[in-house]
Amino acid sequence: MMITGGNDQLNDLIKLSFLTELGKEISSCKTVHETMNAVMNHVGIIFAPSYWSLLLRNPKTGDLKFEVVVGSGVENMKGMTLPCGQGIAGWIAENGEALIIEDVERDKRFFSEMDKLNQFKTESIIGVPLKNGKKVFGVIELINKIDGKPFSPLELQLLKTIADFAGIAIEKAYYMRALQRIATIDSLTGLNNRRCFDMNYQKESDREKRTGRAFSVMMIDIDGFKRVNDVHGHKEGDRVLIQVADLLRKHLRAADLPCRYGGDEFAILLPDTLLTAAEQLKNRLLLHLSEMNKEKTIQIGLSIGVHESDGSSLKEMLHMADIKMYREKNRKSEMTISDMTENLEMVIESENQEDFPQ
């Protein structure tokens, strides 16, 4: 169905039928990108523009980024940004109002640089804001109709209705994804949580069975973390956890999956990684930790255990990595006589918690 503009009228039944179909399609989308692409697909069918785009607004700078761009020869515009308030789209975003321009040469708000970049001539524009409540988060902009006619006020009204649908659908998709993210992200460190690790472990284990490509798991425990909390307070303890998380983020590959597994324990899934490479990573992390400690008041120690996949279950594999981690912790905590002053309090505390033979 194509709107022909001018004096043509759409009856209520046709509009209702179109909006019902649009609503059905975009409500079934599960991601923000799926929703935006579905909306823009309908826009292309209904209005038959030469070029059309969906721009998202940066909430801090007000700049607009071309997120979805459709039309022959304008693919390179995707990802480009318009400075705050620039062009017709910028005006729409700043003012939160729909706009129709029948002849851009008569409008001083028109920004001609995009025409030069893409080697086409803009004649007419129709654009509407995408809103979350009263806040503008994007703009849908259509340029030139294929039949050469200018856009009509009727088309503007329909596009505004579509934008209302789109705004609600994008908001819904966003919150669905946000809730999924919250369910898999540790709120303190920003790393993935235990639930996310367990799900991805199963995927990696299934992939290993199909391809034979081994992976490794690394378990990390912060040495003396309880003492950090007891002596310096939980705020400093949280800061230590965040520092460890930052260390992992900075020095792991993009394919690796670091997680806060619980308390002061971290787990890392290392795809396509044999034990030798995992041990090398362990040594690099400890080296970087040593460098980081030079700049910190509270010194951080890590005990790290690594284990290569061998067909074991998640529970078995983590148990093996745990054993190696605690061996490392025990090795580092071996005390000599000269260490007594530093460790006496710890020994007494442990004696109060355990039953020793008399």
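As a reminder, the structure under discussion sits directly above these lines.
Everything numeric in this text was worked out from a predicted model, so none of it was measured.

Caption draft 1: A look at helix 7 (residues 225–232). Listing the buried residues of helix 7 in full gives F225, V228 and N229. The arc that holds every buried residue of helix 7, seen down its axis, measures 95 degrees, which confines them to one face. Turned more than 90 degrees away from the buried face of helix 7 sit K226, D230 and V231, all of them exposed. Residues of helix 7 that are buried sit in contact with strand 7 (216–222) and helix 8 (234–251). Within two residues after helix 7, G233 carries a phi angle of roughly 100 degrees, on the positive side.

Caption draft 2: Looking closely at the pairing of strand 9 (residues 265–270). Burial of strand 9 is extensive: 6 of the 6 residues sit out of reach of the surface. Neither face of strand 9 is exposed, since E265, A267 and L269 on one face and F266, I268 and L270 on the opposite face are all buried. With 6 bridges joining them, strand 7 and strand 9 adopt antiparallel strand pairing. Paired with S216 across the bridge in strand 9 is L270. The pairing of strand 8 (residues 257–262) with strand 9 spans 5 bridges and is classified as antiparallel. In the strand pairing of strand 9, L257 is matched with L269. Remark: 2 residues form the turn of the hairpin made by strand 8 and strand 9, two consecutive strands paired antiparallel; G263 in that turn has positive phi of roughly 60 degrees.

Thresholds, definitions, all that
- Residues numbered from 1 in each chain as written.
- Predicted model: local features only at pLDDT ≥ 70, side-chain atom pairs only at ≥ 80, totals over all residues.
- Heavy atoms only, no water.
- Buried < 20%, exposed > 50% of the residue type's maximum accessible area, 1.4 Å probe, protein only.
- Helix = DSSP H or I, 4+ residues; strand = E, 2+ residues; numbered from the N terminus.
- Arc of directions from axis to C-beta.
- Contact = heavy atoms within 4.5 Å.
- Pairing = 2+ DSSP bridges.

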